[in-house]
Amino acid sequence: MSKKFQLSRRTLLRGAGALMALPVLEQMVPQAAHAAPGAAPRRLAVFYTPNGIHMPKWTPSATGASWELTPTLQPLAPVKSDVLVLSGLANYPGLPDGDGHHAAATAAFLSCAKAFKTEGTDFRVGISMDQVIAKHLASKKATRFPSLELGNDAGRGIGNCDSGYACPYANNIAWAGPTTPVAKETRPKAVFDRLFAGFDPNATQAQVEKRRAYGKSIIDFVRDDASALKTQLGTSDLRKLDEYFTGVRDLEKQVEAIEAEGPSCNPGSAPDDNEDPRVKTKAMMDLIVLAFQCDLTRVATFMLANARSNKVYGFLGLPGGHHTYSHHQKVQANYDALATIDRWEVEQYAYLLQRMKGIQEGNGKSLLDNSMVYFSSEVADGNSHEHRNLPVLLAGSGGGALLPGRHVRYNGEPLANLYISLMQAMGVTGITTFGDNGTGPLGRLAG
Amino acid sequence: MKPRLRRGRSWRMLAGAGCALLLAGCDGDNLPRARVLPGDMPGPDIPPPPPPGTQQPMDECKDVPKDPGSVTLHRLNRAEYDATVRDLLGDTTRPARDFPTDDHGYGFDNNADVLSMSPLLMEKYSTAAEKLVEAAWKKGLFNTCALDGADPKPCARDLLSRFARRAWRRPVTKDEVDRLVDFVALAQRHGDPAEAGVKLALRSVLVSPHFLFRVEKDPDPKSATPHRLDDFELATRLSYFLWSSMPDEALLSAAEAGRLSDPRELEAQVRRMLADPKANALVENFAGQWLYTRALDTAEPDRTLYGTFNEDLRKAMRQETELVFREFITGNHKLRELVDAPFTYVNDALATHYGLPLPGSSTPRRVDLSRHPERAGIFGHGSLLTVTSNPDRTSPVQRGVWVLEQLLCMPPPPPPPDVENLPPPLTPDMTMRERMALHRSSPACQGCHRMMDPLGLALENYDPIGRWRLQEVSGAPVDATGELPDGNILDGSEAMRRFVKSDPKLPACFTEHLLTYALGRGMSKADECAVKEMAATAEASGGRLSDYILSIVLSDHFTQRRGETEAWQP
């Protein structure tokens, strides 16, 4: 089933006036970009892929602007000048206690904090950098959604997730706080509905205000319920109740932000649900582009699969599971299988970049120019669970924060320092340390 | 450390130490022998385990103080939410499909500690509540009284107090009802009819923490002294255990009358509830995770090698395990017979797959297996055999680990880095056994694999999609023998069934899994004695699944709770 959405009256008026001069666009120009020409918002997207990368076919030999596309990076050819390849970064907080490399490193993927080893009761890691940015933007009431968390895979729902590490570590990269994973959505249609449904283009201002008042009254009611419970609950219960309060606060912000005019761009049709990873990944990429373009959010994370995924990529002619191949044991056939999967992953990322590059914003730049799109995996080599020399790509100019089109080689600098740079570029001022080992911004990103 | 039950005789410590030493470069031939491996002979200082069915709580448990533990405030998971709105509002649209997936902990997705409440989920709850109320209103579910335009409050009060009592699974206070009825005035102030206010109140009930969480109060949250749950809390625990859903009117009335503190009443309720179709939730949500049948949805056997596997077969396999388990819940079979039950449920497609006589039906039929012992019990189920295989080959390791973890509660330590996989065949016709022997010849692997491999190797006559076979893909004949650490040989799947069935650890292990699910919390060392006692009680009552369920429901662990002593800092 798909829905068509109407443009709001104000958008149509605006479109008729200002936009006709621009080249024919698939979608309308976002409101924010239009409101302040020359100062389009910056966005951050994160693309996570599990089980590491076969690095010999990934790493370019030359550094600087003369880097060459390696077999795995070949799909980036159309956007090569928009991409920074960063070699030699390390994320040591991802090292587990004993075994459990995938879950521990995935928990540290955006938090750069060491996950406490537990199967449940008392899991704890650290706030992730995307959520630091989301909180910052939320405090400025920048967009309707502080961030968007997407992924292809729900959990398998059986057994251990990874050697004594709780499943939230393996299934989430976004953490709103040390004990609060931010659940991801795995159905494109549900994401679309969340972004665009529930908006009535014919509502009057009075109706909108009433809806807002009713929403707030429900929130007040349940908040009182939760407050009354506080005195009668134990300590772990209070932790859960605290999560509830956080949810209620966020809901309240959204209710307050109910607008008369709705989305300021044409979202087109809702994607159908489809479990084919090729179809689903593209749908998720399109949703990120749409959400950015409509300025519904400026931060998005995406998990191509969960940590330690053993997905079978049959359409690539590979009968075995991804995780099984990643324990390659230096067998050539496994290397080849991994390189094939890696390249497909880079293709998906390249698709996202090309879509973003094709969208012109109000400041004359492309959406990609105004964004930073980060790609990496929780480990480098999946066989030895290497936490050094991670496979890192960063695309876009971040509105001038980055100088892409280069390969920069580092020497074991903490990944956390890259995140400090990204957070600063996204406007989080005053941040100079991050995670367990971030000491300051990473050099050489802007040239 | 993994806070899992540690056995009195420390199997895991020995095993772990063995692996660690090997990694440190020790000679694999001088392994410290783990003495309580399956089939191992006990050492001179350790008395032999009691024969099956006569296991008694160990003496060391005699003076251990009983501690029911503390269960964290439990958010409804997706299955529970859907079942609850089905029973509360007759809504079968499964709105929780739009919610983010619940994480699981200790093997189950109803683990209260990992059931987080994210802002996204809160948003989904709010959206779902609005839709649910509108749909129920349209269906006339709240037409129990007329909302009089001039004086709507009496009807609103009646309707809302009855709804909140069911939704919150307890009596509601006058103050709570007053606050709900206030929505009527709010709507009227905005120029809307009373109906709009009642709908707002109904939505509030569904977003309230009293609906979304299973609230169990502690009179003194900082005290570790156990206290009994009140009857409503107990009714709720029971209905979410057996039905994954809210208590029905009969259970709620029993709680209201204070009858649930009577063990005979509790037992009668359990028997009544197990006979209800809603007890299928135990099959889907407990057995689906304990027996791994849920993983069947995402299993992807290599179609080039195993092209007969298709969606119909996937469904039939799942139904087989569900129907067998369902019969165990209500029937007269002992827990141990899950391992070798001489019956199953197949349709024509699955019977063909298994090489059984066709039942002549596309829907599953119960068939007798007394002449097909190779299909007896869960080890003959295509579901289990498929999900414990790799896409392109069997995995005796995964099958062995499944038995150790899910049936004997002896999870082996995880493999060290760099050596997770079988080495590739050196020659094209190399057998699985030869490849595994090669794998075991690596010192880093040997210590752990001698525990896992024999159980899995004995199932080698089942291919990766559960078909009986005498040859491997390479053409090599299947050799389904496994050598136990004590030197004894398990010759094929029937010997393996007998061996697992007689293992004295089976009752306590099953109890541990079932109790983990029943309480929604992981087990710790402190629970060990209670688990053993519940298992012994269940075995003494006949050893059926219903005996285990009753043993748990009537235990202090299930009927009591306590506060926590440590403080939580946000």
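Residues numbered from 1 in each chain as written. Chains lettered and ligands numbered in written order. Predicted model: local features only at pLDDT ≥ 70, side-chain atom pairs only at ≥ 80, totals over all residues. Heavy atoms only, no water.

Trainee: Please clarify how the interface of chain A and chain B should be interpreted in this entry.
Mentor: When the parts of a complex come together, some accessible area is lost, and that lost area is often used as the size of the interface. Across the contact, 75 residues belong to chain A and 76 residues belong to chain B. The tally of links from chain A across to chain B stands at eight salt bridges. One can count 23 residue pairs in polar contact (both at pLDDT 80 or more) joining chain A with chain B. Where the side of chain A that touches chain B is concerned, the elements lending two or more residues are α5 (167–171), α6 (188–196), α7 (205–229), α8 (235–256) and α10 (322–326) of chain A. Top contributing element to the side of chain A that touches chain B by residue count: α8(A), with 16 residues. Of the residues that constitute the side of chain A that touches chain B, the class distribution is 26 nonpolar, 30 polar and 19 charged. (Contact = heavy atoms within 4.5 Å. Salt bridge = Lys/Arg side-chain N within 4 Å of Asp/Glu carboxyl O. Polar contact = N/O pair within 3.5 Å; in protein donor to acceptor, adjacent residues only side chain to side chain. Helix = DSSP H or I, 4+ residues; strand = E, 2+ residues; numbered from the N terminus. Nonpolar A, V, L, I, M, F, W, Y, C, P; charged D, E, K, R; others polar.)

Trainee: Would you mind showing me how to read the environment of Tyr125(B) here?
Mentor: Residues and elements named next belong to chain B. Relative to the elements of secondary structure, Tyr125 occurs in helix α3 (residues 119–138). C-alpha separation for the pair Tyr125 and Ala187, spaced 62 residues apart in sequence, amounts to 22 Å. Apart from the residues within four sequence positions on either side, Tyr125 is in contact with Arg75, Leu76, Tyr81, Phe99, Met117, Val207 and Leu212.

Trainee: Just to check I follow, could you spell out helix α9 (residues 249–256) of chain B for this structure?
Mentor: An α-helix turns once every 3.6 residues. As a result, residues three or four positions apart point the same way. Residue and element names in this part refer to chain B. Listing the buried residues of α9 in full gives Leu251, Leu252, Ala254 and Ala255. Along the axis of α9, the buried residues cluster in a sector spanning 160°; they form a single face. Residues of α9 that are buried sit in contact with α4 (153–168), α8 (231–243) and α10 (263–275). At the exit of α9 stands Gly258, carrying a positive phi of roughly 70°. (Buried < 20%, exposed > 50% of the residue type's maximum accessible area, 1.4 Å probe, protein only. Arc of directions from axis to C-beta.)

Trainee: Explain the confidence of the model for chain B to me, please; I cannot follow it from the model alone.
Mentor: For residues with low pLDDT, the predicted coordinates do not support detailed interpretation. All names here are of chain B. Mean pLDDT over chain B: 87, with 86% of residues reaching 70 or higher. Low pLDDT, under 50, characterises residues 1–55; the stretch is placed with 100 contacts to residues that sit more than four places away or in other chains. Scored as a whole, the predicted complex attains pTM 0.88, and scored at its interfaces, ipTM 0.86. (pLDDT = per-residue confidence, 0-100.)

Trainee: For this particular structure, what's the right way to read the packing of aromatic side chains?
Mentor: Centre distance and the angle of the planes are the two values used to describe a pair of aromatic rings. All chains considered together, the criterion is met by 41 aromatic pairs over all chains. Consider the rings of Phe123(A) and Tyr169(A), whose centres lie 6.3 Å apart with planes at 80°: the pair is edge-to-face. Of this pair, Phe123(A) sits in the loop between α3 (101–107) and α4 (129–139) while Tyr169(A) is found in helix α5, placing the two residues 46 residues apart along the sequence. Accessibility classification places Phe123(A) together with Tyr169(A) in one group, the buried group. Stacked on the ring of Phe558(B), the Lys or Arg Arg237(B) has its end atom at 5.9 Å from the ring centre. (Phe/Tyr/Trp six-rings, centres within 6.5 Å; stacked < 30°, edge-to-face > 60°. Lys NZ or Arg CZ within 6 Å of the ring centre and 35° of its normal.)

Trainee: Help me out: how do you make sense of the nonpolar core in this one?
Mentor: Side chains of nonpolar character tend, in soluble globular proteins, to be buried together. Counting residues in hydrophobic clusters, the biggest one holds 98 residues, and the most contacted among them are Phe241(B), Leu242(B), Phe286(B), Phe325(B) and Phe379(B). Per element, the largest residue contribution to this core is eight residues, and it comes from helix α19 (residues 506–519) of chain B. Once you skip the residues sitting within four places of it in the chain, Phe325(B) turns out to touch Leu282(B), Val283(B), Phe286(B), Ala287(B), Trp290(B), Leu291(B), Leu338(B) and Leu545(B). Grouped together as the second largest cluster of nonpolar side chains are 63 residues, Val255(A), Phe142(B), Leu186(B) and Phe211(B) included. (Core = buried A, V, L, I, M, F, W, Y, C linked by side-chain atoms within 4.5 Å.)

Trainee: What should I look at first to understand the state of the cysteines in this one?
Mentor: Covalent bonding between the sulfur atoms of two cysteines is what defines a disulfide. Residue and element names in this part refer to chain B. This structure, assessed with the given rule, holds four disulfides over all chains. Residue Cys145 pairs covalently with Cys155 via a disulfide, S to S 1.9 Å. Because the sign of the S-S torsion sets the handedness, a value of about 80° for the bond joining Cys145 and Cys155 places this disulfide among the right-handed ones. Of this pair, Cys145 sits in the loop between α3 and α4 while Cys155 sits in helix α4, placing them ten residues apart in sequence. Paired by a disulfide, Cys409 and Cys509 hold their sulfur atoms 2.2 Å apart. The sign of the S-S torsion, about 80°, decides the handedness of the disulfide formed by Cys409 and Cys509: right-handed. Here Cys409 is found in the loop between α15 (396–407) and α16 (432–440), whereas its partner Cys509 is found in helix α19, with 100 residues between them in sequence. Cys509 carries the same exposure label as Cys409, and that label is buried. (Disulfide = S-S within 2.5 Å.)

Trainee: How should the pairing of strand β7 (residues 371–377) of chain A be read in this particular structure?
Mentor: Regular strands have side chains that alternate between both faces of the sheet. For β7(A), the tally of buried residues reaches seven of seven residues, placing the bulk of the element in the interior. Residue alternation in β7(A) divides its side chains into two sets, Ser371(A), Val373(A), Phe375(A) and Ser377(A) and Met372(A), Tyr374(A) and Ser376(A), and both sets are buried.

Trainee: Help me out: how do you make sense of the pattern of salt bridges in this one?
Mentor: Two side chains that carry opposite charge are able to pair once their charged atoms sit near each other. With the rule as written, the count across this model stands at 61 salt bridges over all chains. Between Arg298(A) and Asp295(A) there is a salt bridge whose closest N-O contact spans 2.9 Å. A relative accessible area of 11% places Asp295(A) in the buried class. Of the charged contacts, one joins Asp463(B) and Arg467(B) as a salt bridge, the two residues approaching to 2.8 Å between their closest N and O atoms. The network of salt bridges with common partners includes Asp237(A), Glu216(B), Asp218(B), Arg237(B) and Arg561(B).

Trainee: Hey, could you run me through the sheet that holds strand β9 (residues 406–409) of chain A in this one?
Mentor: Sheet strands line up and pair through hydrogen bonds in the backbone, either parallel or antiparallel. Residues and elements named next belong to chain A. Across the sheet, seven strands lie side by side as β3-β6-β1-β7-β8-β2-β9; this open sheet has mixed pairing. In this open sheet, the two strands that pair with only one neighbour each are β3 (148–151) and β9. For this sheet the average axis-to-axis angle between neighbouring strands, irrespective of direction, equals 15°. Where strand β2 (residues 83–87) lies against β9, four bridges are found, and the strand directions are parallel. Residue pairing for β9: Leu86 is matched across the bridge by Val408. Contacting β1 (43–49), β2, β7 and β8 (392–395), helix α11 (residues 332–357) runs over the sheet at an angle of about 175° to β7. (Pairing = 2+ DSSP bridges. Axes fitted to C-alpha atoms, helices over the stretch in contact; angles between N-to-C directions.)

Trainee: Looking at this model, I keep getting lost on the packing of α4(A) against helix α12 (residues 415–425) of chain A. Mind explaining?
Mentor: Describing two packed helices takes the angle between their axes plus the distance from one axis to the other. Residues and elements named next belong to chain A. At a minimum axis distance of 10 Å, the contact between α4 and α12 shows a crossing angle of 15°. When the axis of α4 is compared with that of α12, the two are roughly parallel. Crossing of α4 over α12 shows right-handed handedness. Contacts between α4 and α12 pair Met129, Val132 and Ile133 from the former with Tyr419, Leu422 and Met423 from the latter. By residue class, the composition of the contact of α4 with α12 is six nonpolar, no polar and no charged. (Parallel < 35°, antiparallel > 145°, perpendicular 65-115°, else oblique. Left-handed = near helix turned anticlockwise from the far one by under 90°.)

Trainee: Quick question: what am I supposed to make of the pairing of β3(A) here?
Mentor: All names here are of chain A. Burial along β3 is two-sided: the face carrying Leu148 and Leu150 and the face carrying Glu149 and Gly151 are both buried. In this structure, β3 lies alongside strand β6 (residues 299–303), joined through four bridges in parallel fashion. Bridging across to β6, Leu148 finds its partner in Ala300.

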